[in-house]
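Secondary and tertiary structure notes
So you can see what is in the structure, the chains are spelled out below.
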Amino acid sequence: MKNFNTPDTFFRRTLALCLLVLAVFVAGCSSVRFTYNQGDTLLYWWLDSYADLEGEQADIAKRDIDKLFQWHRQTQLRDYAALLGNMQRQLAGNPTQADLVTVYKEIRLRGERLAGHAVPEMTTLALSIKPDQIADIERKFVSKNQDYRRKFIEGSTEKRQRARFKKAMSQLELWFGNFNREQEDILRKTLDARPLDNEAWLEERVWRQRRILALLRKFEKEKPNREQASAQIVAMQRELFGRIDSPERKAFYDAGIDHTTRFILTAIRIATPAQKKHAHDRMQGWIKDFQALAAGK
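Fair warning: this is a prediction, and the values are worked out from it, not measured in the lab. (Residues numbered from 1 in each chain as written. Predicted model: local features only at pLDDT ≥ 70, side-chain atom pairs only at ≥ 80, totals over all residues. Heavy atoms only, no water.)

**Some words on the overall build of the protein chain**
Stated precisely, the cut-off is as follows: Strands here mean DSSP runs of E at least two residues long; helices mean DSSP runs of H or I at least four residues long; both are numbered from the N terminus. Note on classification: 1.4 Å probe, protein chains only; a residue is buried when its accessible area is under 20% of the maximum for its type, exposed when over 50%, partly exposed between these limits. Every residue pair with non-hydrogen atoms within 4.5 Å of one another is taken to be in contact. Calculation of accessible area relied on Shrake-Rupley with a 1.4 Å probe; when residues are assessed, cover is drawn exclusively from the protein chains displayed.
Along its length, the protein chain carries 15 helices and zero strands. Put simply, the protein chain has 297 residues, and 48% of those count as buried. Within the protein chain, contacts between residues separated by at least 24 positions form 84% of all contacts whose residues are at least 6 apart in sequence. In the structure as shown, the protein chain presents an accessible area of about 14,600 Å², 52% of it carried by carbon and sulfur atoms.

Okay, structure coming up:
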């Protein structure tokens, strides 16, 4: 299940195509097949919005994105369908918090797998980035961070809690349908008991952004060969994915996972049979979509 309070980052979008895919079924998009079939175009547009790709660079990026989607469609989607099937079975039973943590880890592993496979495409793109594009990326980071600060950091405690709850409920409702007032009160109290840690998430976001910018600037200055650049990208992936288990950040991330899984478990336990059926049917639709996509439909 998705961490309801983890900010999107350039790293996660760029290093993991499954942010387009896993975000579809974990965050709760209702049109998996349509979104996935448009995914290559959407991902290119997203990258272009940061770096303003041009000429041959843009053509190569489109080619590589298409190749990555072909691999992903052919090799990963049946596995996603199987993971959803396991989630269905857990929902039908009596899942524990440990079960939800396991699902989180399974999703994380799939993100790391995709990031590793995408190293050649990422290397090509990173080596092509020019100084003015690095500046464009940095400006985009600053703009996105300002938006995040306005939505989730500025204002009263009540305002920030309300924004967090609204975001969490919009995602839960895509799984379970509407919740009644009594259920919402329970979920609000559960979420309000969690610290308002958005400033810490913003710090993590900025840290990752700086790491990416530093690597792009290093490539532009030192002009490494392809093998050297690939090795440095792999090292950065390990650093960024491994940060969740690093001594200085493990307690923070563990607390986030604990609070998130407790919140989701509360939603499952107070869900009515009709709401659980809604979630089961929603997942079944996604399973069928993934299976159809894997078959080239």
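Resuming the write-up.
**Overview of the packing of aromatic side chains**
Convention followed: Stacked, edge-to-face and tilted are the three classes for Phe, Tyr and Trp ring pairs, Trp counted by its six-membered ring, which pair at centre distances within 6.5 Å; planes under 30 degrees apart are stacked, over 60 edge-to-face, the rest tilted. Look at NZ for Lys and CZ for Arg. If either is within 6 Å of the ring centre and within 35 degrees of the ring normal, a charge sits over the ring.
Taken as a whole and assessed by the stated rule, the structure comprises 10 aromatic pairs. Summarising the aromatic geometry, the rings of Tyr148 and Phe152 are spaced 5.2 Å apart at their centres and angled 45° between planes, so their arrangement reads as tilted. A residue pair is termed a helical-turn pair when its members lie 3 or 4 positions apart in one helix, as Tyr148 and Phe152 do in helix 9 (residues 131-152) at four residues. The burial state of Tyr148 is the same as that of Phe152; both residues are buried. Judged by centre distance (5.4 Å) and plane angle (75°), the rings of Phe252 and Tyr253 are edge-to-face. For the pair formed by Phe252 and Tyr253, the shared burial category is buried. Through pairs of rings, three or more aromatic residues link up here, namely Trp46, Tyr50 and Phe141. In this structure, Lys140 packs its charged tip against the face of Tyr50, placed 5.6 Å from the ring centre.

**Here we look at the pattern of salt bridges**
For clarity, the threshold we go by: Here, a salt bridge means any Lys or Arg side-chain nitrogen found within 4 Å of an Asp or Glu carboxyl oxygen.
By the definition in use, this model includes 23 salt bridges. Across the pair Lys67 and Glu121 runs a salt bridge, and its minimum N-O distance is 3.9 Å. On the criterion of sequence distance, the pair formed by Lys67 in helix 5 (residues 55-75) and Glu121 in helix 8 (residues 119-128) is long-range, its members being 54 residues apart. Since its relative accessible area comes to 45%, Lys67 is described here as partly exposed. Look at Glu121 and you get buried, because its relative accessible area is 12%. A salt bridge links Arg188 to Glu158; its shortest N-O distance comes to 3.4 Å. Of this pair, Arg188 sits in helix 11 (residues 181-192) while Glu158 sits in helix 10 (residues 157-176); the two residues are 30 residues apart in sequence, bridging distant segments of the chain. Where salt bridges share partners, they join Asp79, Glu106, Arg110 and Arg113 into one cluster.

**Details of helix 15 (residues 273-294)**
Which entries qualify depends on this criterion: Expected helix span is taken as 1.5 Å per residue step, with the number of steps being one fewer than the number of residues.
With 22 residues, helix 15 ought to run about 32 Å at 1.5 Å a step, and its terminal C-alpha atoms sit 31 Å apart, in line with that. Three or more residues of helix 15 are buried, namely Gln275, Ala279, Met283, Trp286, Ile287, Asp289, Phe290, Ala292, Leu293 and Ala294. Downstream of helix 15 by a residue or two, Gly296 has a phi angle that is positive, lying close to 85°.

**Regarding the nonpolar core**
Quick note on the threshold: Working definition of a nonpolar core: buried Ala, Val, Leu, Ile, Met, Phe, Trp, Tyr and Cys residues. They are joined through side-chain atoms within 4.5 Å.
By size, the foremost hydrophobic cluster in this structure holds 66 residues, and its most contacted members are Leu53, Leu172, Phe176, Leu187 and Phe290. Excluding anything up to four places from it in sequence, Phe176 contacts Leu91, Ile268, Ala271, Gln275, Lys276, His278 and Ala279. Counting residues in each nonpolar core, the second largest holds 11 residues, with Tyr148, Ala200, Ile244 and Phe252 among its members.

**Digging into unusual backbone geometry**
Even without being a glycine, Asp52 presents a positive backbone phi close to 50°. Among the secondary structure elements, Asp52 is positioned in the loop between helix 4 (39-51) and helix 5. In this model, Lys223 sits at a positive phi of 50°, which is unusual for a non-glycine residue. With respect to the secondary-structure elements, Lys223 resides in the loop between helix 12 (198-222) and helix 13 (226-242). On the accessibility criterion, Lys223 (56% relative accessible area) is exposed.

**Considering the packing of helix 10 against helix 11**
Inclusion rule: Think of each axis as a best-fit line through the C-alpha atoms, taken over the contacting stretch in the case of a helix, with angles from 0 to 180 degrees between the N-to-C directions. An angle below 35 degrees is treated as roughly parallel, one above 145 as roughly antiparallel, one from 65 to 115 as roughly perpendicular, and anything else as oblique. In this scheme the handedness of a crossing depends on how the near helix is turned from the far one: anticlockwise by less than a right angle means left-handed, clockwise means right-handed.
Direction vectors running N to C along helix 10 and helix 11 enclose 125°, while the axes themselves pass 10 Å from each other. The orientation of helix 10 relative to helix 11 falls into the category oblique. Along this stretch, helix 10 crosses helix 11, giving a crossing that reads as right-handed. Between helix 10, through Glu158, Gln161, Arg162, Arg164, Phe165, Ala168, Met169, Leu172 and Glu173, and helix 11, the contact on the second element is made entirely by Glu184, Leu187, Arg188, Leu191 and Asp192.

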